[in-house]
Amino acid sequence: MNKLDALKKEWKNQKFDLQLSKDELHQLTQKKSVSSIKWIFIFSCFEFFAYLLFPFFIPDYFDAFEYYRSIHLYHFSILVNALGYVILSYFMIQFYLNYRKIKTSNSIAFLIESIIASRKSVNKYVIYNISLFLVFIIVVLINAFRYDENYIELINIGNSSSEGSIVKMVIAIIMIMIIILTLLLVFYYIIYGRYFYRLKKLIKELEA
Amino acid sequence: MHLNETDFLQLLEKHQNIIHKICRIYSYDYSDQKDLFQEISIQLWKSYPSFKGKSKFTTWMYRVGLNTAITLYRKNKKTIRGEDYSKISELKANEEYDETKDNQIKWLYGKIDTFSEIEKALILLYLEDKKYSEIAETLGISEVNARVKINRLKKKLKTMLEQ
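Quick caveat, the model's predicted, so the values are computed rather than measured.

**Digging into unusual backbone geometry**
Peptide bonds are, in most cases, trans, and in most cases residues other than glycine have a negative phi. The phi dihedral of His 72 of chain A is positive, around 65 degrees, even though this residue is not glycine. By the element assignment, His 72 of chain A lies in the loop between α4 (64–70) and α5 (74–100). The phi dihedral of Asp 129 of chain B falls on the positive side, at around 65 degrees, and the residue is not glycine. With respect to the element layout, Asp 129 of chain B can be found in the loop between α7 (117–127) and α8 (132–139). Here Asp 129 of chain B falls in the partly exposed class, since its relative accessible area comes to 44%.

Now the structure itself:
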């Protein structure tokens, strides 16, 4: 018998001092799970609902529609909002369907892939939502400069003085957007970054 | 307790050493072992309704147990009570091979500790004498891939034994 076979034999004969009874095992199965999947599910639901409830926390959100009407964007704003809810419903369903596929009795590779797929639908949702928001802001700003007298006045001031207040304002808006996007990215990296990097590494190793 | 639950607990009690082995391989200290044991037990019970007896109970146990240890159970392994975990595992791995039974097993766990998460699953299934088809199915890879990976690990272990 070679050393490896001997080792294998010892492995099979190993005893564990701690042997739990049926009652003790029953108590264990009733405890609360600390599984990361549970947390991913909770966080994902929170994300969906945060975006869903977002408008209700912005003061004057509903009055803003009157303003959009004044700059000829009433129908556009309604359309964008409706589109937002269509996107939300689509990705929520996709997330739920993918989430249901996550079963610990699947193979290791399949389980990891279904966790990644389920999370991807939330990520796509966030990206689509942010893109839609950015397009909306840009269109509103363009029309504001065309129809809102306050903005038109700004252009006139900009033309008469060399300070270029419009340029300053545009830079300020871009900076704010960059800061918000960076904060979001940092937030996502802290919550999911390391875990998903690990999952992807595991899949690579399995396929190698 | 339902009849179903009684059956489950009976089987769990009988085969609990599978969980003990997984926990010892994937944990860094005793308290972590206990926590992982609990999480695997919870996941087994949660997943039991979907166990339809297509595979053996033990095959299903390896799957749920390994999945829980590798993907569902997350703990920061970098620091344990202020000590650097990688240093501890390095110390455990540098122990010399000793022919006495207890030390052999201790030595083996020390070596396994230096393996990657996937290698740990492969070595466990190899030591448990599982067929290549079962190993492939548990990991979700092809049988050829499983064979290649196991042979690579066997070589690695043999070299360690000869050192």
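**Some details on the interface of chain A and chain B**
Interfaces are often sized by the accessible area lost when the parts come together. Facing 46 residues of chain A, the contacting portion of chain B comprises 64 residues. Summed over both partners, the interface of chain A with chain B comes to about 5100 Å²; 61% of that surface belongs to carbon and sulfur atoms. Where Lys 22 of chain A meets Glu 13 of chain B, a salt bridge forms, and the shortest distance between an N and an O atom there is 3.7 Å. For the pair chain A and chain B, the interface holds 26 residue pairs in polar contact (both at pLDDT 80 or more). At the level of elements, α1 (3–13), α2 (22–29), α3 (36–57), α6 (108–147) and α8 (165–207) of chain A are the ones that each hand at least two residues to the side of chain A that touches chain B. In the side of chain A that touches chain B, the residues fall into 22 nonpolar, 13 polar and eleven charged.

**Thoughts on the packing of helix α3 (residues 30–47) of chain B against helix α4 (residues 57–72) of chain B**
Residues and elements named next belong to chain B. Between α3 and α4, whose axes approach to 9 Å, the crossing angle comes to 125 degrees. The orientation of α3 relative to α4 falls into the category oblique. Of the two possible hands of crossing, α3 and α4 adopt the one that is right-handed. Packed against α3, whose contacting residues are Leu 36, Glu 39, Ile 40, Gln 43, Leu 44 and Ser 47, the element α4 presents Trp 60, Met 61, Val 64, Gly 65, Thr 68, Ala 69 and Leu 72 at the interface. Of the residues contributing to the contact of α3 with α4, the split by class is eight nonpolar, four polar and one charged.

**Examining the nonpolar core**
Judged by nonpolar contacts, the single largest core of 93 residues is most densely connected at Trp 11 and Ile 115 of chain A together with Tyr 26, Leu 44, Trp 60 and Leu 139 of chain B. For this core, the leading source of residues is α6 of chain A, giving 13 residues.

**Focus: the pattern of salt bridges**
Applying the stated criterion across every chain, the model contains ten salt bridges over all chains. Of the charged contacts, one joins Arg 69 of chain A and Glu 66 of chain A as a salt bridge, the two residues approaching to 3.6 Å between their closest N and O atoms. Within this pair, Arg 69 of chain A and its partner Glu 66 of chain A are both found in helix α4, separated by three residues, close to a single helical turn. The residue Arg 63 of chain B makes a salt bridge to Glu 137 of chain B at a minimum N-O spacing of 3.0 Å. Here Arg 63 of chain B, found in helix α4, pairs with Glu 137 of chain B, found in helix α8; they are 74 residues apart in sequence, far enough to count as distant. A relative accessible area of 49% means that Glu 137 of chain B is categorised as partly exposed. One continuous salt-bridge network, built from bridges that share partners, spans Lys 8 and Lys 12 of chain A together with Asp 129 of chain B.

**So, the layout of surface pockets**
All names here are of chain A. A volume near 1200 Å³ is recorded for the largest pocket. Forming the boundary of the largest pocket are 40 residues, of which Tyr 51, Phe 54, Ile 58, Tyr 61 and Phe 133 lie nearest the centre. The element contributing the most residues to the lining of the largest pocket is α6, with ten residues. Partitioned by chemical class, the residues of the lining of the largest pocket number 35 nonpolar, three polar and two charged.

**Things to note about the packing of aromatic side chains**
Counted under the stated rule, the structure contains 28 aromatic pairs over all chains. Ring geometry for Phe 57 of chain B and Trp 60 of chain B: centres 5.3 Å apart, planes at 45 degrees, overall tilted. Separated by three residues within a single helix, Phe 57 of chain B and Trp 60 of chain B lie in helix α4, roughly one turn from each other. We note that Phe 57 of chain B, like Trp 60 of chain B, is buried. For the cation-ring pair, Arg 69 of chain A lies above Tyr 74 of chain A, with the distance from its terminal atom to the ring centre recorded as 4.1 Å. Here the guanidinium or amino end of Arg 119 of chain A rests over the ring plane of Tyr 192 of chain A, the centre of that ring lying 3.7 Å away.

**A few points about α1 of chain A**
Along an α-helix, residues three or four positions apart point the same way, because every turn accommodates 3.6 residues. Residue and element names in this part refer to chain A. Regarding α1, the residues found buried are Leu 4, Leu 7, Lys 8, Glu 10 and Trp 11. Taken end-on, α1 shows its buried residues confined to a sector of 160 degrees, consistent with a single buried face. At the N-terminal end of α1, a side-chain oxygen is found 3.1 Å from the backbone nitrogen of Leu 4, two or three residues along, and the residue is Asn 2.

**Brief notes about the confidence of the model for chain A**
For chain A, per-residue confidence averages 85 on the pLDDT scale, and 95% of positions sit at 70 or higher. Summarising per-element confidence for chain A, the mean pLDDT is lowest in helix α7 (residues 149–160) of chain A (72) and highest in α2 of chain A (92).

**Details of the environment of Val 144 of chain B**
As for its position among the elements, Val 144 of chain B is in helix α9 (residues 143–162). With a relative accessible area of 61%, Val 144 of chain B lands in the exposed category.

Each value, and the rule that gives it
- Residues numbered from 1 in each chain as written.
- Chains lettered and ligands numbered in written order.
- Predicted model: local features only at pLDDT ≥ 70, side-chain atom pairs only at ≥ 80, totals over all residues.
- Heavy atoms only, no water.
- Helix = DSSP H or I, 4+ residues; strand = E, 2+ residues; numbered from the N terminus.
- Buried < 20%, exposed > 50% of the residue type's maximum accessible area, 1.4 Å probe, protein only.
- Contact = heavy atoms within 4.5 Å.
- Buried area = accessible area lost by both parts, 1.4 Å probe.
- Salt bridge = Lys/Arg side-chain N within 4 Å of Asp/Glu carboxyl O.
- Polar contact = N/O pair within 3.5 Å; in protein donor to acceptor, adjacent residues only side chain to side chain.
- Nonpolar A, V, L, I, M, F, W, Y, C, P; charged D, E, K, R; others polar.
- Axes fitted to C-alpha atoms, helices over the stretch in contact; angles between N-to-C directions.
- Parallel < 35°, antiparallel > 145°, perpendicular 65-115°, else oblique.
- Left-handed = near helix turned anticlockwise from the far one by under 90°.
- Core = buried A, V, L, I, M, F, W, Y, C linked by side-chain atoms within 4.5 Å.
- 1 Å grid on protein atoms, 1.4 Å probe; cavity = no way out; pocket = protein on both sides within 12 Å on 5 of 7 lines; lining within 4 Å.
- Points joined across faces, edges and corners; volume = space filled by probe spheres on them.
- Phe/Tyr/Trp six-rings, centres within 6.5 Å; stacked < 30°, edge-to-face > 60°.
- Lys NZ or Arg CZ within 6 Å of the ring centre and 35° of its normal.
- Arc of directions from axis to C-beta.
- pLDDT = per-residue confidence, 0-100.

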